[in-house]
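Each chain is listed here by its residues.
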Amino acid sequence: MRFDVISLFPEMVSHAASYGVTGRAIERGLVGLSVWNPRDYTLDKHRTVDDRPYGGGPGMVMKCQPLLDAVDAAKQHNVLVNRKVICLSPQGRLLSQELLLDASCYDQLILVSGRYEGIDERFIQHACDEEWSLGDYVISGGELAALIVIDAVTRLIPGVLGDDESAKQDSHFDGLLDCPHYTRPEHSDIGDVPDVLLGGNHADIKRWRMKQALGRTWSRRPDMLEKVTLSAEQDALLKEFRTEVV
Ligand code: 4GX
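Residues numbered from 1 in each chain as written. Predicted model: local features only at pLDDT ≥ 70, side-chain atom pairs only at ≥ 80, totals over all residues. Heavy atoms only, no water.

Q: Talk me through the state of the cysteines; I want residue IDs and the actual numbers.
A: A full pass over the atoms with the stated rule returns zero disulfides. Sulfur of Cys 87: no disulfide; nearest cysteine sulfur belongs to Cys 128 and is 4.8 Å away. (Disulfide = S-S within 2.5 Å.)

Q: Lay out the packing of aromatic side chains in plain terms, naming residues and giving numbers.
A: What the rule picks out here adds up to one aromatic pair. Between Trp 218 and Phe 241, the aromatic rings sit 6.3 Å apart at their centres with planes inclined by 75 degrees, giving edge-to-face as the arrangement. Separated by 23 residues along the polypeptide, Trp 218 in helix α9 (residues 202–220) and Phe 241 in helix α11 (residues 232–245) bring together distant segments of the chain. Accessibility expressed as a relative area gives 25% for Trp 218, which makes it partly exposed. With a relative accessible area of 11%, Phe 241 lands in the buried category. (Phe/Tyr/Trp six-rings, centres within 6.5 Å; stacked < 30°, edge-to-face > 60°. Helix = DSSP H or I, 4+ residues; strand = E, 2+ residues; numbered from the N terminus. Buried < 20%, exposed > 50% of the residue type's maximum accessible area, 1.4 Å probe, protein only.)

Q: An account of helix α3 (residues 64–77) is needed here, citing residue identities and associated values.
A: End to end, α3 covers 20 Å across 14 residues, agreeing with the expected 20 Å (1.5 Å per residue, within 8%). Listing the buried residues of α3 in full gives Cys 64, Pro 66, Leu 67, Ala 70, Val 71, Ala 73 and Ala 74. (Expected span 1.5 Å × (residues − 1).)

Q: Please provide a residue-by-residue account of the pattern of salt bridges, values included.
A: A complete count under the given rule lists 10 salt bridges for this structure. Between Arg 2 and Asp 4 there is a salt bridge, and its shortest N-O distance comes to 3.3 Å. Close ionic contact of Lys 211 with Glu 244 constitutes a salt bridge, the shortest N to O distance being 2.9 Å. Here Glu 244 lies in helix α11 and Lys 211 lies in helix α9, a separation of 33 residues in the sequence. What you see here is one network of salt bridges that share partners, running through Arg 207, Lys 211, Glu 240 and Glu 244. (Salt bridge = Lys/Arg side-chain N within 4 Å of Asp/Glu carboxyl O.)

Q: Could you give me a rundown of α9, with the residues and numbers involved?
A: Here α9 is 19 residues long and its end C-alpha atoms lie 26 Å apart, about the 27 Å a rise of 1.5 Å per residue gives. Here the buried face of α9 lies against α8 (195–199), α10 (222–226) and α11. Where α9 begins, one side-chain oxygen reaches toward the backbone nitrogen of Ala 203, 3.2 Å away; that side chain belongs to Asn 201. (Contact = heavy atoms within 4.5 Å. Polar contact = N/O pair within 3.5 Å; in protein donor to acceptor, adjacent residues only side chain to side chain.)

Q: Account for the pairing of strand β6 (residues 108–113), naming residues and giving values.
A: The element β6 is extensively covered by neighbouring structure, given that six of its six residues are classed as buried. By the alternation rule, side chains of β6 split into Gln 108, Ile 110 and Val 112 and Leu 109, Leu 111 and Ser 113, which are all buried. Looking at chain direction, strand β1 (residues 2–6) and β6 are connected through five bridges and run parallel. Following the sheet pairing, Val 5 is matched in β6 by Leu 111. (Pairing = 2+ DSSP bridges.)

Q: Which residues make up the sheet that holds strand β4 (residues 61–62), and what are the values?
A: Neighbouring strands of a sheet are bound in pairs by backbone hydrogen bonds; such pairs are parallel or else antiparallel. One open sheet accounts for three strands, arranged β3-β4-β7; its pairing is mixed. Every interior strand has two partners, whereas the edge strands, β3 (50–51) and β7 (118–119), have only one. Sheet topology note: the β3/β4 ladder contains two bridges and is antiparallel. By the bridge assignment for β4, Asp 51 is matched with Val 61.

Q: Now, about the packing of helix α1 (residues 10–17) against helix α6 (residues 143–154): what can you tell me, with residues and values included?
A: Two numbers describe how α1 lies on α6: the axes approach to 10 Å, and their chain directions differ by 30 degrees. Overall, the two elements α1 and α6 adopt an arrangement that is roughly parallel. Handedness of the crossing formed by α1 with α6: right-handed. Contacts between α1 and α6 pair Met 12, Val 13, Ala 16 and Ala 17 from the former with Glu 143, Leu 144, Leu 147 and Ile 150 from the latter. (Axes fitted to C-alpha atoms, helices over the stretch in contact; angles between N-to-C directions. Parallel < 35°, antiparallel > 145°, perpendicular 65-115°, else oblique. Left-handed = near helix turned anticlockwise from the far one by under 90°.)

Q: Describe the sheet that holds β1, naming the residues involved and giving the relevant values.
A: Within the open sheet, the five strands sit side by side as β2-β1-β6-β5-β8. Their pairing is parallel. The strands lining the two open edges of the sheet, one partner per strand, are β2 (32–36) and β8 (130–133). Ignoring which end each strand starts from, the neighbouring axes of this sheet average 30 degrees apart. Two strands pair when backbone bridges link them, and β1 and β2 are joined in this way by five bridges, in the parallel orientation. Across the sheet, the residue bridging to Ile 6 is Trp 36, located in β2. In the packing of α1 onto the sheet, the strands contacted are β1 and β2, and the crossing angle to β2 comes to about 165 degrees.

What follows is the structure in structure tokens.
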């Protein structure tokens, strides 16, 4: 997978991506990352990337030409056919694990990170295949959104995660929240580890974890529960959980 990010703050993206799972994936050559600064593609001596909005109003709008040329540079640098150009903005489709899983099948994702009030709509219509949103809140620039896409997609690339981490990720794909986790010590001022986890009965532990996952999803994210079909055993575990809390 190749990521090409279009950003006025290239170091923000390359630096943040150099840590942890994404950093290792880049080092191991499982993922490529380049950042293209639209300012490098300006043609005037002031290197202008933004201008005042037609129709008036506050804030500035990113100009088309430097963005178009930066996207072209990213395309020419790597002639991969199976690619998508994605603009990050609150007007986009809401990000989801499903959307990211689809995206992980491409060879190249070109992520456009805007600043200011927005980007000239003609660039979005002409050069972008899709618009994606983190959610219904506003951040100061698309870089953090692009980094989230890079991080979440990288984790889905075969070989990036170890077996343990991959298996754990698989267990999230059943559409439920995670169960609680504990590590040493067994007892402390702020509470004790649930007995079942100390007992070593793996069937009991599995049942307890599933019950907690179901219970938390039911109490915190009922919207998620509506989208999954529970097995008879899951249904029974959730009923048990519900009779215990009320
Ligand atoms: N999920 N922002 C992008 C500038 C902008 C505006 C319009 C393109 C079109 C955001 C989000 C987000 C603020 C990043 C506006 N770029 N991005 N920026 N929520 O709030 O992705």
